[in-house]
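Single-letter residue listing:
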Amino acid sequence: MRFSKMFIPTMREVPSEAEAISHKLMLRAGYVRQLAAGLYIFLPLGWRVLNRINKILKEEMEAIGAQEISMPILHPAEVWQKTGRWYEIKDEMFRLKDRTDRDMCLGMTHEEIVTWLASKEIRSYRQLPQIWYQIQTKLRDEARPKSGVLRTREFIMKDSYSFDTDEDGLEKNYKFHADAYHKIFKRCGLKFYQVESDPGMMGGATAHEFMASSPAGEDEIILCDMCGYAANVEVARSVSPAIKDLGWKYEEVHTPQKKTVKEVSEFLSIEPTYFIKSLLFIAAEGPVLVLIRGDQELHEKKLLRVIGQFRTALKEEVTSILGVEAGFIGPMGHKLRILADSILKEGTYITGANKADYHIKGVKPDIHFEAEWHDLHTAKEGDHCHKCNALIKTEKVIEIGNIFKLGTKYSVPLNAVFLDRDGQEKPMIMGSYGIGLSRIAAAAIEQNHDKDGIIWPKSIAPFDIEIIPININDDKTLEVMEILYEGLTKNGMDVLIDDRDERPGIKFKDADLIGIPVHIVLGEKNLKDNQMEIKDRRTKEIRKVSIENAVSEAIAFFQEI
């Protein structure tokens, strides 16, 4: 492939709207262009990268027995209504009506559609297990598309689905996918973690995410280097540092106009760890009082799993339900459901006195209040691992894949059933497994770049080797260039020739920006000595080789890096 014939619109300036490194470099290097918020056009170089990722995905999916299908992007509402997700998913779903006024939606995922298919085609245990996969466009009406292709409204995903007769079969297919994902991401050259996660809108009992390390990541994970525990902060458990019980006596303390933990802590010169924050929420069942230690933050998704959908109580609701304004609430004497983070089980604390301008010092759990104990706080760096008690750390990450044990969440409402060996009708046991192709590309750039541009892992680079002739008007240069190109391509290398009549500096800058792993530089001086230079884009190592051995040396060099 020749540079002069390709559409590679590189840019010298950093686009003002770009924040993430991957976004900046994909725009500058001519891999993508933005059509509108969250909508991107993949240009020739970008599409070649996605096709290489696609090839890896297909190979590893088919290695575990998955069969490729293709499902429509446009879905009738009825199947989504049967599972309830038509009503549960809010603004993120693109909805429309066809010309007959029938409700439709654009697929943000395909659990309903693939389960409908299974319900129509699978009748017997003899037809199971099955793994079906597709590589298809998805659409999600993101409220705040950002960070380039990391958070978009239209994206390409590999999604696969397993159907089994029992939980043992699901466990086997779940492990097949986890192992395949490890192979895929390693082949794509990524540093990643498999972490425990929240099933969220997908449902099911168990889920894991695959996370690539990156400061641009919107997710945060908890890691323990001692025992290997890894979890999304949404579900991560941790043990907060214990506090010394100071044994205060139970007494009122005047705290005029001091409402927040920070304000009362500074006023009394007592650390926030000795305070209880009392937060009132309104759930479907009614008001719920939630207690968190003063130095911690409530994780709302953890609370959601305990009480279901909820909202923060309004100021007037706090007063009418608890008889006191927010800022002076304590857990004592209330006849409503109280949830408390488990760390509060031990110790003596300060909390609101249920009276304006006063707090209570010397409050003890199970003596002055009773509560249901749950893990409700947000795990953070400096906490201890709940498994081995070692210190944990946090890391920013990009989600690049996920796997879910769906069980019968979709098969029951959509009547995807089979007859077992005894002729009994049973629902299929399902799993769902996704990977974002463009997220792999973006994560690879986030992890592999320098001040000059992208440094692609060779497995997903748009080309393997770039030939850079310094002077395309020199006959010797052109002759060697063509011989080299033919020899490399015959040996299975994807090669780009920068055949533009441009200054060497421009060619070198573009080569570094685009990030093809190996550069071969053809300069007149070296060619006169029967030599050329091979350069490693990552390390900048340069090796001189003879013209006669250039093809074999370049291939060997590529295989070494």
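Predicted model only: the values in this text are computed from it and were never measured.

(A) Fine view of the pattern of salt bridges. Under the defined criterion, the tally for this structure stands at 45 salt bridges. The partner of Arg 12 in a salt bridge is Asp 510, and the shortest N-O contact between them spans 2.8 Å. With Arg 12 in the segment before helix H1 (21–28) and Asp 510 in helix H12 (residues 504–514), this residue pair connects regions lying 498 residues apart in the sequence. For Lys 302, the salt bridge goes to Asp 375, with nearest N and O atoms at 3.0 Å. Of this pair, Lys 302 sits in helix H8 (residues 300–307) while Asp 375 sits in the loop between strand E21 (372–374) and strand E22 (384–385); the two residues are 73 residues apart in sequence, bridging distant segments of the chain. Several salt bridges converge on common partners, so that one network encompasses Asp 450, Lys 451, Asp 452, Asp 512, Lys 535, Arg 537 and Lys 540.

(B) Expanded view of the sheet that holds strand E18 (residues 337–341). Reading across the sheet, the five strands line up as E17-E15-E16-E18-E21 and stay open at both edges, with mixed pairing between neighbours. Looking along the sheet, the strands with just one partner apiece sit at the ends: strand E17 (310–312) and E21. When the angles between neighbouring strand axes are averaged without regard to direction, this sheet yields 35 degrees. Strand direction decides the pairing type here: strand E15 (residues 276–283) and E17, joined by three bridges, are antiparallel. Bridging across to E17, Phe 281 finds its partner in Thr 312. In this fold helix H9 (residues 315–322) packs onto E15, strand E16 (286–293) and E17, with an angle of close to 100 degrees to the strand it touches most, E15.

(C) Fine view of the environment of Glu 395. In this fold, Glu 395 is placed in strand E23 (residues 393–407). The exposure class of Glu 395 is buried, given its relative accessible area of 17%. Glu 395 sits 180 residues away from Pro 215 along the chain, and the two C-alpha atoms are 8.1 Å apart. Here the side chain of Glu 395 touches Tyr 193 through a polar contact of 3.0 Å, side chain to side chain.

About the thresholds
Residues numbered from 1 in each chain as written. Predicted model: local features only at pLDDT ≥ 70, side-chain atom pairs only at ≥ 80, totals over all residues. Heavy atoms only, no water. Salt bridge = Lys/Arg side-chain N within 4 Å of Asp/Glu carboxyl O. Helix = DSSP H or I, 4+ residues; strand = E, 2+ residues; numbered from the N terminus. Pairing = 2+ DSSP bridges. Axes fitted to C-alpha atoms, helices over the stretch in contact; angles between N-to-C directions. Contact = heavy atoms within 4.5 Å. Buried < 20%, exposed > 50% of the residue type's maximum accessible area, 1.4 Å probe, protein only. Polar contact = N/O pair within 3.5 Å; in protein donor to acceptor, adjacent residues only side chain to side chain.

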